[in-house]
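Inside the fold
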Amino acid sequence: MEKVIIIRFGEIFLKGKNKKFFENLLEKNIKNALSIYDCFIEKSHNRFYATKYDTEIESNIIATLQKVFGIHSVSPAIKMPTDIEKVAGVIAPVLPQASTFRVTVKRADKTIAMTSTEIAGKIGGDILLLKPQMSVDLHNPDLTINVDIRENKTSYIFYENIKCYEGMPVGSSGKGMLLLSGGIDSPVAGFRMAKRGMQINAIHFHSYPFTSIQAKEKVIELGEIISNYCGHFPLFVVPFTAIQQAIHKYCREDFMITVMRMIMIEISEKIAISQNCGALITGESLGQVASQTLESITVTNSRVTSLPILRPLIDMDKTEIIKISKDIDTFETSILPYEDCCTIFLPKNPIIKPKLSVAQAEYNKIEGLQELIENAIKNVEIVKIKNK
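**Some points on the pattern of salt bridges**
Enumeration over the complete set of coordinates arrives at 19 salt bridges. Ionic pairing is found between Lys 122 and Glu 85, a salt bridge with its closest N-O pair at 3.2 Å. Of this pair, Lys 122 sits in helix 4 (residues 116-130) while Glu 85 sits in the loop between strand 4 (71-81) and helix 3 (87-91); the two residues are 37 residues apart in sequence, bridging distant segments of the chain. Owing to a relative accessible area of 26%, Lys 122 belongs among the partly exposed residues under this scheme.

**Re the environment of Pro 337**
Here Pro 337 shows up in the loop between helix 11 (331-334) and helix 12 (356-364). Classification of Pro 337 as exposed rests on a relative accessible area of 70%. C-alpha separation for the pair Pro 337 and Lys 378, spaced 41 residues apart in sequence, amounts to 30 Å.

**Looking at the pairing of strand 7 (residues 143-149)**
Most of strand 7 is tucked away: 6 of the 7 residues are buried. Where strand 5 (residues 100-107) meets strand 7, 7 bridges bridge the pair, whose relative direction is parallel. Bridge pairing in strand 7 links Lys 106 to Asp 148. The hairpin formed by strand 7 and strand 8 (residues 154-158) contains 4 residues between the paired strands, and Lys 153 there has a positive phi angle of roughly 65°.

**Some remarks on the nonpolar core**
Judged by nonpolar contacts, the single largest core of 36 residues is most densely connected at Ile 203, Ile 247, Ile 263, Ile 267 and Leu 280. For this core, the secondary structure elements donating two or more residues are strand 10 (175-179), strand 11 (199-206), strand 12 (233-239), helix 7 (241-250), helix 8 (256-274), helix 12 and helix 13 (369-378). Here this core gets 11 residues from one element, more than from any other, and that element is helix 8. Excluding residues within four positions of it along the chain, Ile 263 makes contact with Phe 240, Ile 243, Ile 247, Tyr 363, Ile 366, Leu 369 and Ile 373. Formed by 30 residues, the second largest nonpolar core is a distinct cluster that contains Val 237, Met 316, Ile 324 and Val 383.

Rules behind the numbers
Residues numbered from 1 in each chain as written. Predicted model: local features only at pLDDT ≥ 70, side-chain atom pairs only at ≥ 80, totals over all residues. Heavy atoms only, no water. Salt bridge = Lys/Arg side-chain N within 4 Å of Asp/Glu carboxyl O. Helix = DSSP H or I, 4+ residues; strand = E, 2+ residues; numbered from the N terminus. Buried < 20%, exposed > 50% of the residue type's maximum accessible area, 1.4 Å probe, protein only. Pairing = 2+ DSSP bridges. Core = buried A, V, L, I, M, F, W, Y, C linked by side-chain atoms within 4.5 Å. Contact = heavy atoms within 4.5 Å.

Pasting the structure below:
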């Protein structure tokens, strides 16, 4: 008898001839995630197994696996050579406390003459002999004993099926540049794109001394939290003070946010292309604020020439986004009271439905803007984000 953790694939099963690529990438991601633990990863018949670990850290391993995209579910299990006569004797001494139970059998090994129902009845009967205080309840049992009989003459017995985030293995869908602010939305956007297999880089615009060092540290902390899901990544911190001062000097007050977003997207695309990213990612939600109306989004898009802008939160309301942020543990950090650059020189009445021609005219008013942009890119600070 050996304790293992069964790791089941998600939608990788649908990948046909490319399935091997996704399996290998998922295996790599699992090993990277579990590298801090003393354990091994084995593969057999469309499953991975965490083996040879200290049972005292089993819950830690499971919690880590739940954050690896591409995994459908995990189960702590007992592994034993397939022998139906011995199953009850092996598990009876270690059964969880319960008054009623049922046995559910999956039989991948078709060389066994008995059906799954017959095997379940046999094991259930043997357990009753060893545990007479228990009784069988097929409809609402306290405990379901799952027996998975695999093709390789090995059986796994487990009691729970722990759901994971599913999705696709990170790295299977290219690389994107996430515009990471200190707010609630952008970390969730990064999480959702990583769930679809996208490798994440991130960019943040920092306006020191108008925004504090704590504001930058807050963003780094958010990056560290989401790196638990998407792996290590570089954060490009762009010095944005001079550009914001120029916007304030030359542009109409109601267009300052619009022009700022135009320049941010322009810089983000340039850095994204230099890092071989195939897309930009934002946390925009349609109509949430003035810069996220359809007209504002159209103006923002006008500054991008080569890359698509992915907006995974575009149809979500704030309560939905907050729910996810709490689930992935970014919410409490996001609401820390350190302002980001989007709050600097904030106009009283920002334009809600800007016309592209007017926005472009305001953008063109800024003297020496391209030099300011080049200097900002030249002085980018790169922070290596690692798991928190």
